Amino acid sequence: MNMSSNLNYTQTGDYLLPNLTLNQPRKPLGKYGRLCRTYLMNHRPVLYNTMLLNGSLYPHLMEVEQTAESRMQQMMAELLKQNPAPDKAQNQLMWVQHMNSLKAQAEELVMTELIYS
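The model shown is predicted, which means the values in this text are computed figures rather than measured ones.

Take the overall build of the protein chain next. For the protein chain, the helix and strand inventory stands at four helices and two strands. In the protein chain, the succession of α and β elements from N to C terminus is β-β-α-α-α-α. A compact globule built from 117 residues would reach a C-alpha radius of gyration of about 13 Å, whereas the protein chain, at 22 Å, exceeds it by more than 25%. Dimensions along the principal axes, computed over C-alpha positions, put the protein chain at roughly 75 × 25 × 20 Å. Out of the 117 residues belonging to the protein chain, those deemed buried represent 23%. When contacts within the protein chain are restricted to residue pairs at least 6 apart in sequence, long-range pairs at least 24 apart make up 56% of them. When the accessible surface of the protein chain is split by element, carbon and sulfur atoms take 54% of a total near 9000 Å². Charged side chains of the protein chain number 10 positive and 9 negative; the gap between the two group centres comes to 4 Å.

Pasting the structure below:
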């Protein structure tokens, strides 16, 4: 058996264990990246572990995060254009309620399209 990889091993009892290191991210994951990671861990464990071991998990999660953020901004603008908000100065509570409703709609669409697919 030819072991041509550049792995170092540590003797632990009777076993040789490889010294594996994960590339730790410089930038923490946002909300959508963490949701995607949780979804992959719970519902797609084989894909999650494969991506984790080959180093493609964090770049994928960062891409999902950035895409979700831009999609949320785009969806909020579209929904606000379709359903204009009440005047914020005159009726603040109705404005907040309206904006929260639009955000929930946009977030549901983003979650379905990007996170749970």
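With that settled, the discussion passes to the environment of arginine 44. On the secondary structure map, arginine 44 appears in the loop between helix H1 (31-43) and helix H2 (45-54). Look at arginine 44 and you get partly exposed, because its relative accessible area is 37%. Linking arginine 44 and glutamine 92, residues 48 residues apart in sequence, is a C-alpha distance of 43 Å.

Here we take up the side chain of histidine 98. Of note, histidine 98 is situated in helix H4 (residues 92-115). At a separation of 2.8 Å, a polar atom in the side chain of histidine 98 contacts the main-chain carbonyl oxygen of asparagine 83. Excluding anything up to four places from it in sequence, histidine 98 contacts Leu80, Asn83, Pro84, Ala85 and Pro86.

This structure, assessed with the given rule, holds two salt bridges. One salt bridge in this structure joins lysine 31 and glutamate 107, with 2.6 Å as the shortest N-O distance. Taken together, the residues lysine 31 in helix H1 and glutamate 107 in helix H4 connect sequence positions 76 residues apart. The exposure class of glutamate 107 is buried, given its relative accessible area of 18%. The partner of arginine 71 in a salt bridge is glutamate 113, and the shortest N-O contact between them spans 3.0 Å. Placement of the pair is arginine 71 in helix H3 (residues 57-82) and glutamate 113 in helix H4, with a sequence separation of 42 residues. Exposure remark for glutamate 113: the relative accessible area of 37% places this residue in the partly exposed category.

What counts, and at which threshold
- Residues numbered from 1 in each chain as written.
- Predicted model: local features only at pLDDT ≥ 70, side-chain atom pairs only at ≥ 80, totals over all residues.
- Heavy atoms only, no water.
- Helix = DSSP H or I, 4+ residues; strand = E, 2+ residues; numbered from the N terminus.
- Rg over C-alpha atoms; globule rule 2.2 N^0.38 Å.
- Buried < 20%, exposed > 50% of the residue type's maximum accessible area, 1.4 Å probe, protein only.
- Contact = heavy atoms within 4.5 Å.
- Areas by Shrake-Rupley, 256 points an atom, 1.4 Å probe, with all protein chains shown as cover.
- Lys, Arg positive; Asp, Glu negative; His and termini not counted.
- Charge placed at Lys NZ, Arg CZ, Asp CG, Glu CD.
- Polar contact = N/O pair within 3.5 Å; in protein donor to acceptor, adjacent residues only side chain to side chain.
- Salt bridge = Lys/Arg side-chain N within 4 Å of Asp/Glu carboxyl O.

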